[in-house]
Amino acid sequence: MFTDALLRSKGREMAQAKSAAGAGRSTPTRTRKSRAAKPPKNNAAELLPFYRDMLLIRRFEEKAGQMYGMGLIGGFCHLYIGQEAVVVGMQSAIGKGDKVLTSYRDHGHMLACGMDARGVMAELTGRIGGYSKGKGGSMHMFSREKDFYGGHGIVGAQVPIGAGLAFANKYNGTDQVSLTYLGDGALNQGQVYETFNMAALWKLPVIFIIENNKYAMGTSVTRAAAGVSLYQRGAAYGIPGAEVDGMDVVAVQEAAEKAVKHCRSGKGPYILEMKTYRYRGHSMSDPAKYRTKDEVNKMRQEHDPIDQLRATLLEIGVAEEELKGIDREIKAIVTDAADFAQSSPEPDPSELFTDILVEA
Amino acid sequence: MSVQILMPALSPTMTEGKLATWMVKEGDSVAAGDVIAEIETDKATMEVEAVDEGVIGKILVAAGTDAVAVNTPIAVLLEEGEDASAVDSAPAAPAPAPAAAEAPAAEPAPAAAAPVAPVAVVPASDEDKYFDEVKTQTIREALRDAMAEEMRSDDKVFVMGEEVAEYQGAYKVTQGLLQEFGDKRVIDTPITEHGFAGLAVGAAFGGLKPVVEFMTFNFAMQAIDHIINSAAKTRYMSGGQMGCHMVFRGPNGAAARVGAQHSQCYASWYAHCPGLKVVSPYSAADAKGLLKSAIRDPNPVIFLENEVLYGQSFDVPVSEDFTVPIGKAKIVREGTDVTITAFSIMVGKALQAAEKLAEQGISAEVIDLRTIRPLDTATIVASVQRTNRLVTCEEGWAACGIGAEIAAQVMDQAFDHLDAPVARVAGEDVPMPYAANLEQLALPQVENIVEAVKSVCYRG
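Residues numbered from 1 in each chain as written. Chains lettered and ligands numbered in written order. Predicted model: local features only at pLDDT ≥ 70, side-chain atom pairs only at ≥ 80, totals over all residues. Heavy atoms only, no water.

Let us look at the overall build of chain A. Within chain A, the secondary structure is distributed over twelve helices and eight strands. In chain A, buried positions account for 60% of the 360 residues. Long-range pairs, those at least 24 residues apart, make up 73% of the contacts in chain A between residues at least 6 apart in sequence. A total accessible area of about 13,200 Å² is found for chain A, and carbon and sulfur atoms account for 54% of it. (Helix = DSSP H or I, 4+ residues; strand = E, 2+ residues; numbered from the N terminus. Buried < 20%, exposed > 50% of the residue type's maximum accessible area, 1.4 Å probe, protein only. Contact = heavy atoms within 4.5 Å. Areas by Shrake-Rupley, 256 points an atom, 1.4 Å probe, with all protein chains shown as cover.)

Here it is as structure tokens:
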């Protein structure tokens, strides 16, 4: 039967993704795939940028949390700490012109897209130097130049928008893809399934990346989802799905490349369920009493994406001093961003009435 | 170098909190991310994590202390190997900032006057010159021609919606478009308003110019989150970097005998929201000219049609260069005793009322608003300054409606010119009934307008 065959094929993909994930750190002889050259997987030159990019997000978010504590950042602030491997691995599989968008936990995605740490941090502090001149805030930032389309504050709303970007890619005759991130909570929104249907029906080049960090605010997946194999949620529409160790940047990259290849070849959408974890609360004011400290500590100690990659790098002979150099470089970038975000002025009062409409 | 650890703000509204518990003691080494204390905020008990690694040199605020203000130094953190004598010289770093509830952190702007909202400029129009050569067309045909002409001139324009392609439109407004432009540009969607409205917003973000047809605007309520939150607000939220060049169009208001869920005017719903333009034409010429302008407009435009009007015929300019600017009302009948404002189907009723009033010796000026947002207040105010009386007409409910807004604007700008309170003619404050007699009673009729005008003219 078609459905059974489909599910079986998903099962195989899942198994492959899992074995790739499991082999992520311990098999230094594996080769890495990329669209252009294909250097060996243990190539430090290729792994080091992952380390750098993940560390930038980690340190940036720690600084953002600190500045929130100082009252420099207002409102809601959702930190990405713990989930860095997902966005860094995904980004490594795409190129210029491919589109990215996500929900409100968006700082990491913006940094991964190459947006300037200064502009992101200054938006958090509500200053004119921010990406949205201080008018968007943590949840609402965009950069057409870097192909980042938000930053959406309504849970699930980014999903049809992401499919719409894919629609435009296809309409314009390009092979560009749209990376549409959503959380395990958003996956229960009706518009996600409206989108799955249209994306499959019209074979839109969109990859739905479910960042399953186990909790939709304070509600665990097991309490919110009937059926926890989230990567199978597209099965009824014929959308292939795979489950990936989202704490392993190399496993993410491999899954991403497969999905991107699928999309670029005109076969339609793809679902990747990233098993990941956020260390911090849902937002800054979340005491996170819905999970145990042991659970959090276990993830941090045994599955941290940065620690894991750091161990791999040391294992394959990268000098500790080189990693420390990266640490210093990142610290300088984040310190500079924080300084900029505090010295950039607030928007001029006249900005209140700009950017509402443009002249016809 | 040693640093002070400050009392953190842990919620958007926190100004002070209780330092409930210290999880570390003086002399303990901590790493970034270690929990060092628990703090009770106005919402919950929160853990505080160390930001840097180091040694707790001194605890400055004892556990159990109530009402510790945000940014109060609560402990001193020494760097590894640093002597405890450094405690005293610890700077209050990082530079403490005022808490969220206090003054803004940046230098306050010099006591500048509050910015003033710009007044929408009423655009100039050369529309009249195109009426030298006209043809008779139904509104349905005029709308179709507007879309076809814009699709011919700009290949980024496409039409999507339920039954717009093979079925030729639920109300036949898109008749022939599939045959001319093919299924790449005339797209039948599943019945999935929320989804396809969001998808069209994404297509607009991607540089296309979607024309989204809702089979009726009643169904657009399923999609209103994307219309408001995704389409209307993005330009502002992005600091002007990107927006939505798109049109949402379809029939609005009451049809006939279709009951409460299919008979509602949404003009005031959308007119409420900055970031949108809202258009609602009456004549076929305005329907065509305004739809062409809407499709060319770089902002999201709500284009409210009326099912009952689709088959009505009007003179429409032959020239494809004819357009009507968004934001300009039109005086469709001149008069001296009273101003009547209306839009969409109510313009026809207002004109009929004016005819009856003329028989009774009252000269009514009728303004077709055409655009609801931005509202052409200048034309209304200038008219009221001549007539000194105003009656507003709309099919929708009066509460928070278009008439309420016009009354407020006129009170604000022409209060001294009014010889009578503004009267509103609107739909009755009930869900639309099905029974023919009740439906008739619920909707504003010509006679209601006549009565309202006589009332503001103090004619019994």
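Quick look at the pattern of salt bridges now. If you walk through the whole model with that rule in mind, you get 37 salt bridges over all chains. Note that E351 of chain A and K133 of chain A form a salt bridge whose closest N and O atoms lie 3.5 Å from each other. On the criterion of sequence distance, the pair formed by E351 of chain A in the segment after α12 (320-343) and K133 of chain A in the loop between α5 (117-124) and β2 (148-151) is long-range, its members being 218 residues apart. For K133 of chain A, a relative accessible area of 22% gives the class partly exposed. Sharing partners across several salt bridges, the network here consists of E149, E150, K288, K292 and R296 of chain B. (Salt bridge = Lys/Arg side-chain N within 4 Å of Asp/Glu carboxyl O.)

If you look at the interface, chain B gives 77 residues, while chain A gives 58 residues. Overall, the association of chain B and chain A removes approximately 5,600 Å² of surface from exposure, summing both partners, and the carbon and sulfur fraction of that is 63%. When the buried area of chain B at its contact with chain A is split by residue, L199, Y236 and M237 of chain B rank highest and sum to 13% of it. Across the salt bridge formed by K293 of chain A and E47 of chain B, the nearest N and O atoms sit 2.9 Å from each other. At the junction of chain B and chain A, the tally comes to 20 residue pairs in polar contact (both at pLDDT 80 or more). Secondary structure elements with two or more residues in the side of chain B that touches chain A: β5 (45-49), β10 (157-161), β11 (186-188), α3 (193-205), α4 (224-232) and α5 (234-237) of chain B. (Buried area = accessible area lost by both parts, 1.4 Å probe. Polar contact = N/O pair within 3.5 Å; in protein donor to acceptor, adjacent residues only side chain to side chain.)

Here the focus is the domain arrangement of chain B. When cut into domains, chain B gives domain 1 (3-89), domain 2 (127-317) and domain 3 (330-456). Between domain 1 of chain B and domain 3 of chain B, the C-alpha centre-to-centre distance is 65 Å. (Domains from an automatic or database assignment.)

Quick look at the sheet that holds strand β6 (residues 54-59) of chain B now. Residue and element names in this part refer to chain B. Spatial ordering of the open sheet is given by β1-β8-β6-β3, a layout of four strands whose pairing is antiparallel. Every other strand in the sheet has two partners, leaving β1 (3-6) and β3 (29-30) as the edge strands with one partner each. Bridging between β6 and strand β8 (residues 73-78) involves four bridges; their strand directions are antiparallel. Directly across from K58, in β8, lies its bridge partner V76. (Pairing = 2+ DSSP bridges.)

What follows is about the sheet that holds strand β21 (residues 390-397) of chain B. All names here are of chain B. Here five strands make up an open sheet; going across it, the order is β17-β19-β18-β21-β22 and the pairing mixed. Either end of the sheet is taken by a strand with one partner, and the two such strands are β17 (330-333) and β22 (423-427). For this sheet, the mean inter-axis angle between neighbouring strands, taken without regard to orientation, is 25 degrees. Along the sheet face, helix α9 (residues 377-387) touches β17, β18 (338-342), β19 (364-368) and β21 and points at about 175 degrees away from the line of β19. (Axes fitted to C-alpha atoms, helices over the stretch in contact; angles between N-to-C directions.)

Moving on, we get to the packing of helix α8 (residues 345-359) of chain B against helix α12 (residues 446-456) of chain B. All names here are of chain B. Remark: α8 packs on α12, axes separated minimally by 8 Å, with the N-to-C direction vectors making an angle of 55 degrees. When the axis of α8 is compared with that of α12, the two are oblique. Judged by the twist between their axes, the crossing of α8 over α12 is right-handed. Together, M346, K349, A350, Q352, A353, K356 and L357 of α8 and V446, E447, I449, V450, V453 and K454 of α12 make up the contact between the two elements. Split into classes, the residues belonging to the contact of α8 with α12 amount to eight nonpolar, one polar and four charged. (Parallel < 35°, antiparallel > 145°, perpendicular 65-115°, else oblique. Left-handed = near helix turned anticlockwise from the far one by under 90°. Nonpolar A, V, L, I, M, F, W, Y, C, P; charged D, E, K, R; others polar.)

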